[in-house]
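Coordinates in review
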Amino acid sequence: MTKRKFHLGRFVAEIVVLVLLLIFLIPFFLVVVNSAKTSKDILFDTLGWPANWNQLGTNIGLIFGNHTVHYAAAFFDSVVITVLSLAVIVLFSAMCAWALVRTHAAWATIVFFLFVAAMVIPFQVLMFPLVRWMRILGEFIHVPTLQSLQGVVFAYMGFGAPLSIFIFHGFIKNIPYELEESAKIDGASEAGTFFRIVFPLLQSIIITVLILNGIWIWNDYLLPLLLLGSNGAVQTLPIAVTAFAGAYLKQWDLILTSTLIAMVPVIVLYLFAQRYIIKGMIDGAIK
Amino acid sequence: MHNSSLTKFLFVVPALFAFIMVMVVPFFFGLYYSMTDWNGVSETISFVGLIHFFKVFTEPGFLYSFLITGAFTLINVVLVNVVGFILALVVTSNLRLRNFYRAGFFAPYLVGGIVLGYIWQFLFNNALPTFGKIVGLEALEVSFLSRSDNVIWAMSTVNVWQYAGYIMLIFIAAIQSVPASLMEAAKVDGAGYFRRTFRILIPMMANAFTISLFLTLTTSFKQYDMNLTLTNGGPAARFFDEPVKASQLLAMNIFDTARANQMAEAQAKAVILFVALVIVSLLQVWVSKSKEVEQ
């Protein structure tokens, strides 16, 4: 009898949590449902089921076909910026962290301390001088740094470095030095030792660094807004979404559909790589 | 220089160079600009001393933003951690679908503040009033975003919704690192569920609370994206008989000051934000750490 009661309690708990989760996810549900309605239907039947799901295709077509906001181009730029930034962050942060761990000199300690200290600096205190400084820098080296892809990727490399180096540093410290020593005895160069022995060992922590930086860069707004402008040649999705909402005030069919399109890649990635993402977030938070 | 140390030095250079260019140099320029008459238009910039730092504290809009940012941060620090902790307890229990719940509660964190702001603006302005009409709850029929005394709570709701799942993940790792034998032993000794949670589990995971409090504190204090797209500072309110924007957090106040070409004032406010953030987070970590030692 007690055993049955216990199971009943667990069943009730299961149902309660499930209902809570469904309530928790209602915002996503309403975005999907209302992205498949006309502007009029949204106002008069906000909570109802869409009359015709084909409207979703129509709305998506309206977004990508829009001439004021180049959504497809922004989507493409967002992907390119995120991928390139992640590549340079992972490569150069790992190289830097390894060199700092394996250098027993005062300068290495000072540099590492500098990276750690910089993590408390809020973007707000850097953003205005950054724009001015990047313009000066670009004029000096004759490479455009504002409204350009390379400028944003370079900035993400610099802003992503402190946390990424901190995470790599903690991980590399625990890799036994003997592995590298034996490679060196076999005649491998310093660089060869890093790329052939150390870098492959970093795989699991690289996933953590990719996920932490990837979520940040994909969703980031202020940095691309300041370095690219709100209607420059290079755009990102968050900027395009705000441009849409600004141009089509209260036209929720278009605004919600544009947010849906911005969310889909992340959600799809999450569905497939959920295990890695959750593990990566936990590892990154504890370090 | 030895050949191998030269290689290591060269390995440090790319990341260090980018870091110095986008963080270190702008940081010191920023400190300098906050003491100048920089307006973003004129090319010549001259030193004026600390006047902006005194002037901004006589500005009602800035003081108000400072206060509500403090309130917003306090609400979030409490609610995000309480909700995150409860969620962590739920998904580490013996429920059958716990991995599914864990994935679901974390999902909002993946969506950026800009997108979330629009989604919740729609919820508050359209979905909730419609729901209120259907079930006959008049309290819901007026959007929370248009009530100046409730708008901070509306923003905190969105913040809790976004971050609770993330904080939950930190707590899950901490709960799983507490030895099961310890909890079993307490159970055998007759300690009830709540007693075990408060007397053993929470003290054992004090380190996780230090991290989660720090994260919720800093992210709330710097909040901009969601603020911009959810309320854009509105509605109007009054503070010391002066018109202010009821939900304009500090970061937005800084940005709007810069938009009005008062670059030096905006920079001074940003420096104040930085100093306040450093002081508050150092205090928090110091208090948390001293609590950790007590165990």
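Note that the structure is a prediction, hence the values are computed from the model and not measured.

**A few points about the overall build of chain A**
Summing up its helical and strand segments, chain A has 14 helices and zero strands in all. Ordering the α and β elements of chain A from the N terminus gives α-α-α-α-α-α-α-α-α-α-α-α-α-α. Radius of gyration (C-alpha) of chain A: 24 Å, far over the 19 Å computed for a compact globule of 287 residues. Over its C-alpha atoms, taken along the principal directions, chain A stretches across nearly 75 × 75 × 35 Å. Among the 287 residues that make up chain A, the fraction classed as buried is 42%. Contacts in chain A between residues at least 24 apart in sequence constitute 73% of all its contacts with a sequence separation of at least 6.

**What about the overall build of chain B?**
Of regular secondary structure, chain B possesses 13 helices and two strands. Put simply, chain B has 295 residues, and 43% of those count as buried. Excluding contacts between residues fewer than 6 apart, the proportion of contacts in chain B whose partners are at least 24 apart in sequence is 73%.

**Observations regarding the interface of chain A and chain B**
Tallying the contact residues gives 67 residues for chain A and 69 residues for chain B. If you tally residues by element for the side of chain A that touches chain B, the top one is helix 14 (residues 252-286) of chain A, at 14 residues. The class makeup of the residues in the side of chain A that touches chain B is 55 nonpolar, nine polar and three charged.

**A word on the pairing of strand 2 (residues 242-245) of chain B**
All names here are of chain B. Relative to strand 2, strand 1 (residues 236-239) is paired through four bridges, and the arrangement is antiparallel. Bridging from a neighbouring strand, Ala236 pairs with Lys245 of strand 2. Between strand 1 and strand 2, which follow one another and run antiparallel, lie two residues, and Phe240 among them has a positive phi close to 50 degrees.

**Things to note about the nonpolar core**
In this structure, Cys96, Trp98 and Phe168 of chain A together with Met168 and Phe171 of chain B are the most contacted members of the largest nonpolar core, which totals 165 residues. Both domains that meet at this core, namely domain 1 (2-65) and domain 2 (71-247) of chain A, each give it at least three residues. Apart from the residues lying within four places of it in its own chain, the contact partners of Phe171 of chain B are Gly84, Phe85, Ala88, Met205, Ala208 and Ser212 of chain B.

**Quick notes on the domain arrangement of chain A**
Parsing chain A into structural domains produces domain 1 (2-65) and domain 2 (71-247). A straight line from the C-alpha centre of domain 1 of chain A to that of domain 2 of chain A covers 37 Å.

**Some points on the environment of Met157 of chain A**
By secondary structure assignment, the location of Met157 of chain A is in helix 8 (residues 149-172). According to the C-beta neighbour criterion, Met157 of chain A is buried, with 26 such atoms within 10 Å. Aside from chain neighbours lying at most four places away, what touches Met157 of chain A is Ser85, Val88, Ile89 and Phe92 of chain A together with Ala18 of chain B.

**Remarks on the environment of Ile282 of chain A**
Along the chain, Ile282 of chain A falls in helix 14. For the pair formed by Ile282 of chain A and Ile206 of chain A, sequence separation is 76 residues and the distance between their alpha carbons is 14 Å. Those residues in contact with Ile282 of chain A, other than ones at most four positions away along the chain, are Leu169, Ile172 and Ala173 of chain B.

**Here we look at the packing of helix 9 (residues 177-185) of chain A against helix 10 (residues 190-201) of chain A**
Residues and elements named next belong to chain A. Two elements in contact, helix 9 and helix 10, have axes separated by 10 Å at closest approach and are oriented at 135 degrees. On the basis of the axis angle, helix 9 is oblique to helix 10. As for the relative orientation of helix 9 and helix 10, their crossing is right-handed in sense. Along its contact with helix 9, which presents Leu179, Glu180, Ala183 and Lys184, the element helix 10 presents Thr193, Ile197 and Val198. Considered class by class, the residues forming the contact of helix 9 with helix 10 number four nonpolar, one polar and two charged.

**With respect to unusual backbone geometry**
With an omega dihedral of -5 degrees, the bond running from Gly234 of chain B to Pro235 of chain B counts as a cis peptide bond. Locating Pro235 of chain B in the fold gives a position in the loop between helix 11 (225-230) and strand 1. Here the phi dihedral of Lys250 of chain A falls at roughly 65 degrees; this positive angle occurs in a residue that is not glycine. Turning to its location among the elements, Lys250 of chain A is positioned in the loop between helix 13 (237-247) and helix 14.

**Details of helix 6 (residues 106-118) of chain A**
Taking 1.5 Å as the rise per residue, helix 6 of chain A with 13 residues should run 18 Å; its terminal C-alpha atoms sit 19 Å apart, in good agreement. Looking at helix 6 of chain A, one finds that the buried residues are Val111, Phe112 and Phe115 of chain A. Seen along its axis, helix 6 of chain A keeps its buried residues to an arc of 95 degrees; they face one direction. The exposed set on the far side of helix 6 of chain A, more than 90 degrees from its buried face, consists of Ala106, Thr109, Ile110, Phe113 and Ala117 of chain A. Looking at the buried positions of helix 6 of chain A, the neighbouring elements they touch are helix 5 (71-102) and helix 8 of chain A together with helix 1 (3-33) of chain B.

**Let's talk about the packing of helix 7 (residues 127-141) of chain A against helix 1 of chain B**
Closest axis-to-axis distance for the helix 7 of chain A/helix 1 of chain B pair is 8 Å, and the angle between their directions is 115 degrees. Along this stretch, helix 7 of chain A crosses helix 1 of chain B, giving a crossing that reads as right-handed. Contacts between helix 7 of chain A and helix 1 of chain B pair Pro129, Leu130, Trp133 and Leu137 of chain A from the former with Met21, Val22, Val25, Pro26, Phe29, Gly30 and Tyr33 of chain B from the latter.

**Thoughts on the confidence of the model for chain B**
Within chain B, residue pLDDT values average 90, and 98% of them lie at 70 or more. Predicted complex metrics record ipTM = 0.91 and pTM = 0.92.

**With respect to the environment of Gln262 of chain B**
Residue and element names in this part refer to chain B. Its location among the elements puts Gln262 in the loop between helix 12 (250-259) and helix 13 (263-294). Sequence separation of Gln262 and Asn3 is 259 residues, and the distance between their C-alpha atoms is 51 Å. Once residues within four sequence positions are removed from consideration, Gln262 is found in contact with Asn39 and Thr257.

Rules of the game
Position numbers for residues count from 1 along each chain, tracking the sequence in the order it is written. All chains are assigned letters beginning at A, and all ligands numbers beginning at 1, according to the order in which they are written. In keeping with the model being predicted, local features are shown solely for residues with a pLDDT of at least 70 and side-chain atom pairs are shown and tallied solely at 80 or more, while totals for entire chains, interfaces and linings include all residues. Secondary structure elements follow DSSP: runs of H or I of four or more residues count as helices, runs of E of two or more count as strands, with numbering from the N terminus. Note that the radius of gyration is over C-alpha atoms, with the globule rule given as 2.2 Å times the number of residues to the power 0.38. Each residue is classified by how many other C-beta atoms fall within 10 Å of its C-beta atom, where C-beta atoms are placed from the backbone; a count of 20 or more means buried, 12 or fewer means exposed, and values in between mean partly exposed. We call two residues in contact if the C-beta atoms placed from their backbones are at most 7 Å apart. Three categories are distinguished: nonpolar for Ala, Val, Leu, Ile, Met, Phe, Trp, Tyr, Cys and Pro, charged for Asp, Glu, Lys and Arg, and polar for the others, with Gly belonging to the last. Two strands are said to pair when DSSP picks up at least two bridges between them. Each nonpolar core reported here comprises buried Ala, Val, Leu, Ile, Met, Phe, Trp, Tyr and Cys residues connected via C-beta atoms within 7 Å. The source of the domain bounds is an automatic or database domain assignment. Only the stretch in contact is used when a helix axis is fitted, and all axes are lines through C-alpha atoms; the angle between N-to-C directions ranges over 0 to 180 degrees. Put simply, angles under 35 degrees are roughly parallel, angles over 145 are roughly antiparallel, angles from 65 to 115 are roughly perpendicular, and the rest are oblique. Crossing handedness: left-handed means the near helix sits turned counterclockwise from the far one by under a right angle, and right-handed means the same turn made clockwise. Take the number of residues in a helix, subtract one, and multiply by 1.5 Å to get its expected span. By definition, the arc is the one covered by directions from the helix axis to the C-beta atoms. How sure the predictor is of each residue is captured by pLDDT, a score from 0 to 100.

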